[in-house]
Amino acid sequence: MSHITKVKTHLKDGVILRRALKKLGYQIQEYDLTASRNEKGLEFLARKGKVSIGFKGSGENKSVYEMLADWEDMRANCEDVIHAIYQVYSQEKIMDLGRVKGYSLIKNRMNEKGQIEIVLRKVG
């Protein structure tokens, strides 16, 4: 039996979120928020293999994303999937903010402990 679980997140930037999901190998399907058939209010759906996760805005001004998925039906470890999304989202957000503030990327790698190391340098 299907059971959709809603996970509240701290993810706010839809452009960065979509970029992170694509980097993780997800295909993105956009939804029309005004369509009557979009009863869950999904903004977009991310699919990779048997994993399908819906994303919709929540909170004040729909400024934070919620993830909706049937984790049991997908046989995916919820924590692992969410951790991977957060990790790549954070990495993309830092690099994007660095570019905006005039920094260039010097190093971006994962160390032996599974931690991401990013080194930026101010240009000019």
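The structure reproduced in this document is the subject of the present report. (Residues numbered from 1 in each chain as written. Predicted model: local features only at pLDDT ≥ 70, side-chain atom pairs only at ≥ 80, totals over all residues. Heavy atoms only, no water.)

### Some words on the packing of aromatic side chains
Phase 1 of the analysis: Scanning all chains against the criterion turns up two aromatic pairs.
Phase 2 of the analysis: With 4.8 Å between their ring centres and 10 degrees between their planes, Phe44 and Phe55 make a pair best called stacked. Taken as a pair, Phe44 in strand 3 (residues 44-48) and Phe55 in strand 4 (residues 51-58) lie far apart in primary sequence, eleven residues in all. Comparing Phe44 with Phe55, the two get one shared label, buried.
Phase 3 of the analysis: Judged by centre distance (6.0 Å) and plane angle (65 degrees), the rings of Phe44 and Tyr65 are edge-to-face. Highlighted residues: Phe44 in strand 3 and Tyr65 in strand 5 (residues 64-69), separated in sequence by 21 residues. For the pair formed by Phe44 and Tyr65, the shared burial category is buried. (Phe/Tyr/Trp six-rings, centres within 6.5 Å; stacked < 30°, edge-to-face > 60°. Helix = DSSP H or I, 4+ residues; strand = E, 2+ residues; numbered from the N terminus. Buried < 20%, exposed > 50% of the residue type's maximum accessible area, 1.4 Å probe, protein only.)

### Let's talk about helix 3 (residues 78-100)
Phase 1 of the analysis: With 23 residues, helix 3 extends 33 Å from end C-alpha to end C-alpha; this agrees with the ideal 33 Å at 1.5 Å per step.
Phase 2 of the analysis: Within helix 3 the residues assigned to the buried category are Cys78, Val81, Ile82, Ile85, Val88, Tyr89, Gln91, Glu92, Met95 and Gly98.
Phase 3 of the analysis: Regarding helix 3, its N-cap is Asn77, as a side-chain oxygen of that residue lies 3.1 Å from the backbone nitrogen of Glu79 further along.
Phase 4 of the analysis: Two residues or fewer past helix 3, Gly102 is found with a positive phi of approximately 90 degrees. (Expected span 1.5 Å × (residues − 1). Polar contact = N/O pair within 3.5 Å; in protein donor to acceptor, adjacent residues only side chain to side chain.)

### So, the side chain of Arg18
Phase 1 of the analysis: Looking at the element boundaries, Arg18 is found in helix 1 (residues 14-23).
Phase 2 of the analysis: Here Arg18 falls in the buried class, since its relative accessible area comes to 15%.
Phase 3 of the analysis: At a separation of 2.9 Å, a polar atom in the side chain of Arg18 contacts the side chain of Glu43.
Phase 4 of the analysis: Once residues within four sequence positions are removed from consideration, Arg18 is found in contact with Glu30, Glu43, Phe44 and Tyr65. (Contact = heavy atoms within 4.5 Å.)

### Side note on the side chain of Glu66
Phase 1 of the analysis: Within the secondary structure, Glu66 sits in strand 5.
Phase 2 of the analysis: Although buried, Glu66 forms no salt bridge, and the nearest oppositely charged side chain, Lys6, lies 4.0 Å from it.
Phase 3 of the analysis: If sequence neighbours within four positions are ignored, Glu66 has contacts with Lys6, Val7, Lys8, Gly54, Phe55, Lys56 and Ser58. (Lys, Arg positive; Asp, Glu negative; His and termini not counted. Salt bridge = Lys/Arg side-chain N within 4 Å of Asp/Glu carboxyl O.)

### A word on the pattern of salt bridges
Phase 1 of the analysis: All chains considered together, the criterion is met by eight salt bridges.
Phase 2 of the analysis: Across the salt bridge formed by Lys23 and Glu92, the nearest N and O atoms sit 3.0 Å from each other. Of this pair, Lys23 sits in helix 1 while Glu92 is found in helix 3, placing the two residues 69 residues apart along the sequence.
Phase 3 of the analysis: Here Arg99 ties to Asp96 by a salt bridge, and the two come within 3.9 Å at their closest N and O atoms. Separated by three residues within a single helix, Arg99 and Asp96 lie in helix 3, roughly one turn from each other.
Phase 4 of the analysis: For Arg99, a relative accessible area of 48% puts it in the partly exposed group.
Phase 5 of the analysis: Several salt bridges converge on common partners, so that one network encompasses Arg18, Glu30 and Glu43.

Don't take any of this as a statement about function, it's just geometry.
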